[in-house]
Amino acid sequence: MTSPEPSPSGRYPAGSAAFPHRDLTGLAGLAPWEILFLLDEAEQWVELNRQPQKRVDRLAGLTIINAFFENSTRTLLSFEIAGKRLGADVVNMQVAQSSVKKGETLIDTAMTLNAMHADAMVIRHQSSGAVRLIAEKVDCPVLNAGDGQHEHPTQGLLDALTIRKAKGDFGGLTVTICGDILHSRVARSNIHALTTLGADVRVCAPPALMPADIEAMKVAAFHDFDAALKGADVVMMLRLQQERMSGQFIPSPREYRHLYGLTMDRLSLAKGDALVMHPGPMNRGVEIDSNVADLAGRSAITTQVEMGVAIRMACLDVLTRRSRKVEGWA
Amino acid sequence: MRPLAPLALVNGRLIGPEGEPRSGALRCEGDRIVALGEDVRARDGDRVIDAKGALIAPGLVDLGVFAIDKPALHFGGITRAALMPDQSVVLDKPSAVRFAAQSGKPDLWVHPLAAATKDLGGTDLAELALMRDAGARAVATGRRWIGDSGTMHRLLSYCAMLDLVVVTHAEDAGLAGQAVATAGEMATRLGLPSAPAEAEALAIARDLQLAELTGARLHFRQVTTARGLDLVRAAKARGVHVTAGVTPAHFMLSDVSIGDFRTFTRLSPPLRSETDRQAVRAAIADGTIDVIASGHDPRGPEDKRLPFTDAEPGMAGAETLLPLTLALVRDGVIDLARAFALLAGNPARLLCVDAGVLAVGAQADVAVIDADKPWIVDSDKMAASAGNTPFDKQGVQGRVLALFKGGVPVG
């Protein structure tokens, strides 16, 4: 692997100016070239991850702490694999094993981790803004792996990369995001990434799951899924939490499927080559039918997982360049 | 203890019930004001204090603090404070009220607000008459709204009989749920649990109907939305015994301020839209709002150094109450006389205490104020027991130069 060069396309500036942030706490406010830079950086890791020999030593000797205050299997695994493939020492701390349960405050926990000289921290927390709060208190780069209902930036990036792989460019694309927009950090990060990159984004949800004034985020809001699907290039389904399907927000899972489930019939309303996405884990037969989720050539759901590892490798690499004194970044 | 010599504050500008302040002096003997006006002179043997052109104003009467935080209250020119019932020992028994009523004397008079319901639980009425006779000046529902309309009806009719004003929190609990922000663009961007601003108007609408039905006196401690204020305005016009208060946060800040998840801006009710902020200013100007209070609620890092959703609401507001209200005077929203009616005269009348105005025979609770003196709010250097101010690092104008409680200098 070579040290980073100025983009051949000239889409972003050279060196650290391409991504001048210490942390990645969200995609809100990032410039288009900053997002493109991370996507381009991820491409090399997509290639590497497809080789039988997947390990490099770029982050050798570095310690990455994955501190997950909220349960996660997939994202944690993805970050762990990403760190390990870059040669870093990766430690996972999950809330069930942590002293947060003993009454220690979040800040105290963060300071404790900080004192162990982590070179990067990957943090997931159930409260919006918690990751930024930790980032203000620690000395190393902080990567947000999902904070409450606020942001999940690496998911937004991996989805953008998945879309770019299938569609080439973002200009003129119509992306329909359907599901529990209100509680979804995935939706927010995707909205930031895709609108910044020039796509037209539609969000679709029943009123109780649609946040107020969502149009201010430069998206079109729909309650009618059929209308939202018309002419879409990408259909991104969000997971509906079980606890929200039992009458409080939605009368029942089958009623939700009736209005918002992505069936083969509904998919036909979108463009003929429309890409089907889902951040997982899926409720098959609720927000997405199995035959749609498994539709060869159209469903990008496993590609999303693949891109996830590459994006997270790119983010870990880029955020640690300053401390690794990479030329142009030190 | 030898009685203090009579006090003469000379060369000041006296705050009156209306109009511009008049140049003059004020004399106190014992704990009472005995003379004030242009032709008042100090007498031999008086303790003479030259105000050097500063305002001579009534000590502030703060209708709604959560802590008896004397240094902060005195810094803010507050000589009397109504203590919210939400204490570690809830003010729901005569003994607790009696203790609270004595807790600030002599230099700060605390007027306890009796908990409307036992343990502020919102269901069973507390011993309101006993607490009244133990020194409670009003009844309050505390930080929360009483959700059960039947309970609220019984509370208001009982308090109407006892002639106790009911101070209530106006937020429909069902609609507000676990919200920490007002529904809108900012809450949506931040992904914070939010509720429509209408949660306030819903609560106000119900409580106004019940106040009208029972003839009770009702005070909404904070009205922060255009729709809520419209309801209060209309109710006043048809003669309902209703008054409304607010804290500076809701006429100074909008929900734009929560943008970086700063927990010092986590308040209850939450910060509102810019439109609502403007409506609060208009309601202060047109008389719909009667009281500006500090809502003083000092909160240390254990309550505030947390993610926004997990932090406790509240601000240390005592020190900024006066300067931020004076900002309304500078902005031409109100005049000085009305500023002190909002800060002292009206809350005193509401609590039925003989204070809040400069008058012969009244308690000599007096503040000498330089209304223009600039200073910078600094959360690290507050007199309050905690520095949780949403106005950190903000420049303000107006500072208390000297404060007297019952003619005795404070601090």
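Residues numbered from 1 in each chain as written. Chains lettered and ligands numbered in written order. Predicted model: local features only at pLDDT ≥ 70, side-chain atom pairs only at ≥ 80, totals over all residues. Heavy atoms only, no water.

### A look at the overall build of chain A
Across its full length, chain A carries eleven helices and nine strands. Expected size for 330 residues packed as a compact globule is a radius of gyration near 20 Å; at 20 Å, chain A falls within 12% of this value. By principal-axis analysis of the C-alpha atoms, chain A measures approximately 55 × 50 × 40 Å. Within chain A, buried positions represent 57% of all 330 residues. At a minimum sequence separation of 6, the contacts of chain A that also span at least 24 residues come to 72%. Just so you have it, chain A exposes about 13000 Å², and 50% of that area is on carbon and sulfur atoms. Between the averaged position of the 35 positive side-chain charges in chain A and that of its 37 negative side-chain charges there is a distance of 3 Å. (Helix = DSSP H or I, 4+ residues; strand = E, 2+ residues; numbered from the N terminus. Rg over C-alpha atoms; globule rule 2.2 N^0.38 Å. Buried < 20%, exposed > 50% of the residue type's maximum accessible area, 1.4 Å probe, protein only. Contact = heavy atoms within 4.5 Å. Areas by Shrake-Rupley, 256 points an atom, 1.4 Å probe, with all protein chains shown as cover. Lys, Arg positive; Asp, Glu negative; His and termini not counted. Charge placed at Lys NZ, Arg CZ, Asp CG, Glu CD.)

### Quick word on the packing of helix H8 (residues 226-237) of chain B against helix H10 (residues 274-286) of chain B
Residues and elements named next belong to chain B. Between H8 and H10, the least distance of the axes is 8 Å, while the angle of their chain directions is 25 degrees. Between H8 and H10, the crossing angle belongs to the class labelled roughly parallel. Contact with H8, carried on its side by Ala226, Leu229 and Arg233, involves Asp276, Ala279, Val280, Ala283 and Asp286 of H10 and no other residues of that element. Residues that form the contact of H8 with H10 fall into these classes: five nonpolar, no polar and three charged. (Axes fitted to C-alpha atoms, helices over the stretch in contact; angles between N-to-C directions. Parallel < 35°, antiparallel > 145°, perpendicular 65-115°, else oblique. Nonpolar A, V, L, I, M, F, W, Y, C, P; charged D, E, K, R; others polar.)

### Side note on the environment of Ser294 of chain B
All names here are of chain B. Inspection of the secondary structure assignment puts Ser294 in the loop between strand S15 (291-292) and helix H11 (301-304). Ser294 gets classed as buried once you look at its relative accessible area, which sits at 0%. Through-space distance from the C-alpha of Ser294 to that of Val377 is 15 Å; in sequence the pair is 83 residues apart. Beyond its immediate chain neighbours, meaning those up to four positions away, Ser294 contacts Asp62, Gly64, Val65, Thr247, Met315, Gly317, Ala318 and Leu321. One polar contact links Ser294 to Asp62, side chain to side chain, over a distance of 2.4 Å. One polar contact links the side chain of Ser294 to the main-chain amide nitrogen of His296, over a distance of 2.9 Å. (Polar contact = N/O pair within 3.5 Å; in protein donor to acceptor, adjacent residues only side chain to side chain.)

### A closer look at the sheet that holds strand S10 (residues 166-168) of chain B
All names here are of chain B. The eight strands are arranged S6-S7-S8-S9-S10-S13-S14-S15 in an open sheet whose pairing can be described as parallel. For this open sheet the edge positions go to strand S6 (60-65) and S15, each flanked by a neighbour on one side alone. Relative to strand S14 (residues 242-246), strand S13 (residues 218-220) is paired through three bridges, and the arrangement is parallel. Residue pairing across strands places Phe220 opposite Ala244, the latter belonging to S14. On top of the sheet, H8 reaches S13 and S14; it is set at about 150 degrees to S14, its chief contact. (Pairing = 2+ DSSP bridges.)

### As for the confidence of the model for chain B
Overall, the prediction assigns chain B a mean pLDDT of 97, with 100% of residues at 70 or greater. Interface confidence for the predicted complex, expressed as ipTM, amounts to 0.90; the pTM equals 0.93. (pLDDT = per-residue confidence, 0-100.)

### So, the interface of chain A and chain B
By a widely used convention, the size of an interface equals the accessible area lost when the partners come together. The interface of chain A with chain B comprises 20 residues on the first partner and 18 residues on the second. Overall, the association of chain A and chain B removes approximately 1500 Å² of surface from exposure, summing both partners, and the carbon and sulfur fraction of that is 58%. When residues of chain A are sorted by the area they lose upon contact with chain B, Ser128, Arg132 and Ala212 of chain A head the list and together hold 24% of the total. Summed over the shared surface of chain A and chain B, the result is zero salt bridges. At the surface where chain A touches chain B, the tally comes to six residue pairs in polar contact (both at pLDDT 80 or more). Among the elements of the structure, helix H3 (106-115), helix H4 (130-137) and helix H6 (185-196) of chain A are those that each provide at least two residues to the side of chain A that touches chain B. With four residues, the single largest contributor to the side of chain A that touches chain B is H4 of chain A. Partitioned by chemical class, the residues of the side of chain A that touches chain B number nine nonpolar, seven polar and four charged. (Buried area = accessible area lost by both parts, 1.4 Å probe. Salt bridge = Lys/Arg side-chain N within 4 Å of Asp/Glu carboxyl O.)

### Side note on H8 of chain B
All names here are of chain B. End to end, H8 covers 16 Å across twelve residues, agreeing with the expected 16 Å (1.5 Å per residue, within 8%). Among all positions of H8, only Gly228, Leu229, Val232 and Ala235 are buried. Buried residues of H8, viewed axially, fall in a sector of 125 degrees; they line one side. The exposed set on the far side of H8, more than 90 degrees from its buried face, consists of Arg227 and Ala237. Contact partners of the buried residues in H8: helix H7 (198-214), S13, S14 and H10. Once H8 ends, the next one or two residues include Gly239, with phi positive near 90 degrees. (Expected span 1.5 Å × (residues − 1). Arc of directions from axis to C-beta.)

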